[in-house]
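Chain by chain, the residues:
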Amino acid sequence: MTTCIPAGSGNLHYSVAPCRGQGYRKTSWVSGVAFNRCIQKELLWSCGVSKFLQTQRCNYSKSPFSENWKSFRTVTSSCLRDGSTKYFDFAVIGSGVAGLRYALEVAKHGSVAVITKAEPHESNTNYAQGGVSAVLCPPDSVESHMHDTIVAGAYLCDEETVRIVCTEGPDRIRELIAMGASFDHGEDGNLHLTREGGHSHRRIVHAADMTGREIERALLEAVVYDPNIFVFEHHFAIDLLTCQDGSDTVCLGVDTMNTETQEVIRFISKVTLLASGGVGHIYPSTTNPLVATGDGMAMAHRAQAVISNMEFVQFHPTALADEGLPVKPSKSRENAFLITEAVRGDGGILYNLSMERFMPFYDERAELAPRDVVARSIDDQLKKRNEKYVLLDISHKPRKNILSRFPNIAAECLQYGLDITCQPVPVVPAAHYMCGGVRAGLQGETDVRGLYVAGEVACTGLHGANRLASNSLLEALVFARRAVQPSIDHMKSSKHDLGTSNWWSRPVVPFSLGSETMEKILLMTRKVRRELQSIMWEYVGIIRSTIRLQFAEQKIGELEAKWEEYLFQQGWEPTMVGLEACEMRNLFCCAKLVVSSALARHESRGLHYTIDFPNLEESKRLPTVILPGSSVKGTWSSRQLHKQPL
């Protein structure tokens, strides 16, 4: 069972205890392949560990870096003599801004495996349109940025975290520029800064409306030419490899599945960074790419990491509503197309279908109110008027300005017969960002030794109950950088031997079940996935109530039990793995974490609005914390594949 309790502090200060054991000879290698500065050696990593815990596609036609990427740095199992186990100093799970920025720094001190579920560029970073917020010119100030962040976060933010991110953010932007990231400049030659909802100043650095793609391009280009970084694409992370060292849980790597070759590949690492993104696909409509199925959060929970604030799911107010387009898309989208916050920041106005402007009736900040306010306002309009979308109009601005500022949005809409320079855009809220996640300290550390987190998978305390627009890329950059030094220190103190790889039984790809059985399992899994998403949208959406959350909890439990029973009736074993089955496992795990957290918060704060407790309560201004529970009787989604040895 999952236990939800209020935490006494928004911060987490875990010490990274040094590993004990004999000394070791420093080496850095991928199994069977020596780097240019070393040869394959015996690797002595003995930590005195005695037992185990029980525990796509882009919307863009072609990534500008994908061809060079494949030819330079991608590693496949066939390249390596021992394809089933690989040894690295650092394993990075995820290839978005957090994972790549971290990899580039730690690669100066050892070997790095970047493990990515799809193509290296397929991440939430690549879909981020708006920009990165940072204090870069007067009259703006760190104090002002902090204030805006804390207000948007409904005063649940950790103030120390907010100060660190707002203070260190400008340097992180300058580092990106030095690495070759190209941001828009004004006629005066200075960076062009825009404003978004919740911000009191213009402080958003952007590259038109494709900022994330530009940052990803610059980082991947740097990674390509780093000889110490090896990227493993199409490797789905299954479970973290953990064990016990006294009372401490220690992470020693991760099991993955190469989804192209159907091989299970084990990565043994001295340090692991989770930078695996969010969990948008627990809902039927999300701006997240298909890879965002909560894999990192679920793995960390199963590995006994503390989870926090999962009730705060941010629904972006303005995703493109396909039903309102003049020409309907020929097939349903894999993920909703985002209409960036910057459209409202640049003067976009929201109307209902009677062309009545409605935001001033909900909030004095009107269209520039924080996302939670705008999303609830749109939701209220849709329900009151029994309509399926509202309209966002920027056409009163000069055509030239619109096309230069929002070329990607303009091109996407034009495909479906809509010219945003003279017509309003149909929009509707869609799941967008998880403000909660794996609870992290000020250096990205978790309560699992050797495991660090950065990006959307982490809950650092920055966002509180609602993320301020364009603070996500900023947080990822700051915490990826802050996690570097403790990771290096931990790497240098870690001592294991090659036998580490044999401590856990290996997951099994279910070839033995046969193609007919696997096809039935896949069809059932896809049906269950749609049912889970429907439950989450209907009962755990923008507006909630206790009885509806309890109903969701019951229905999710029944659905999961039915799915697992079906799998095991078909011959599936708990140690078997497949992409869609394991994604489903993670979606169930994260959905239950969201519902449990939502039931635990008896107030309305930020993104969590419940009709039973409609007011904000000062006495409840505490993070929600989910402690790892007993996994012995848990469902498949709640326990690690590896059983505790007898």
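Residues numbered from 1 in each chain as written. Predicted model: local features only at pLDDT ≥ 70, side-chain atom pairs only at ≥ 80, totals over all residues. Heavy atoms only, no water.

Focus: the overall build of the chain
(1) Moving on: Helix and strand counts for the chain stand at 17 helices and 22 strands.
(2) Moving on: Approximately 23600 Å² of the chain is accessible, and the part contributed by carbon and sulfur atoms is 51%. (Helix = DSSP H or I, 4+ residues; strand = E, 2+ residues; numbered from the N terminus. Areas by Shrake-Rupley, 256 points an atom, 1.4 Å probe, with all protein chains shown as cover.)

Describing the pattern of salt bridges
(1) Moving on: According to the stated counting rule, one finds 46 salt bridges in the structure shown.
(2) Moving on: A salt bridge links glutamate 387 to arginine 385, with the nearest nitrogen and oxygen atoms 3.0 Å apart.
(3) Moving on: Among the residues examined, arginine 385 registers a relative accessible area of 27% and is labelled partly exposed.
(4) Moving on: Arginine 621 is the partner of glutamate 618 in a salt bridge, and the nearest nitrogen-oxygen pair spans 2.9 Å.
(5) Moving on: When salt bridges with common partners are traced through the structure, they connect Arg101, Glu105, Lys108, Glu168, Arg172, Glu175, Arg481 and Arg482 into a single cluster. (Salt bridge = Lys/Arg side-chain N within 4 Å of Asp/Glu carboxyl O. Buried < 20%, exposed > 50% of the residue type's maximum accessible area, 1.4 Å probe, protein only.)

Quick notes on helix H12 (residues 407-414)
(1) Moving on: Buried residues of H12: Asn408, Ile409, Ala410, Glu412 and Cys413, and no others.
(2) Moving on: The inward-facing, buried residues of H12 contact helix H6 (211-224), strand S15 (313-320), helix H8 (341-345), helix H11 (399-405) and strand S18 (425-434). (Contact = heavy atoms within 4.5 Å.)

Here's the deal with helix H16 (residues 546-569)
(1) Moving on: The first and last C-alpha atoms of H16 sit 34 Å apart over 24 residues, in line with the 34 Å expected at 1.5 Å per residue.
(2) Moving on: Of the residues making up H16, those classed as buried are Leu549, Ala552, Ile556, Leu559, Glu560, Trp563, Glu564, Tyr566 and Leu567.
(3) Moving on: On the buried face of H16, the contacting elements are helix H15 (515-539) and helix H17 (579-600).
(4) Moving on: At the C-terminal side of H16, glycine 571 shows a positive phi close to 100°. (Expected span 1.5 Å × (residues − 1).)

Quick look at the packing of aromatic side chains
(1) Moving on: The final tally for this structure, using the stated rule, is 13 aromatic pairs.
(2) Moving on: A centroid spacing of 5.8 Å and a plane angle of 35° characterise the contact between tryptophan 563 and phenylalanine 588, whose relative ring orientation is tilted. One end of the pair, tryptophan 563, is in helix H16; the other, phenylalanine 588, is in helix H17, and 25 residues separate them in sequence.
(3) Moving on: Judged by relative accessible area, which is 0%, tryptophan 563 ranks as buried.
(4) Moving on: Phenylalanine 588 gets classed as buried once you look at its relative accessible area, which sits at 0%.
(5) Moving on: The cationic tip of arginine 467 hangs over the ring face of tyrosine 433; the distance from NZ or CZ to the ring centre is 4.2 Å.
(6) Moving on: If you follow arginine 585 out to its NZ or CZ, it ends over the ring of tryptophan 636, 5.1 Å from the centre. (Phe/Tyr/Trp six-rings, centres within 6.5 Å; stacked < 30°, edge-to-face > 60°. Lys NZ or Arg CZ within 6 Å of the ring centre and 35° of its normal.)

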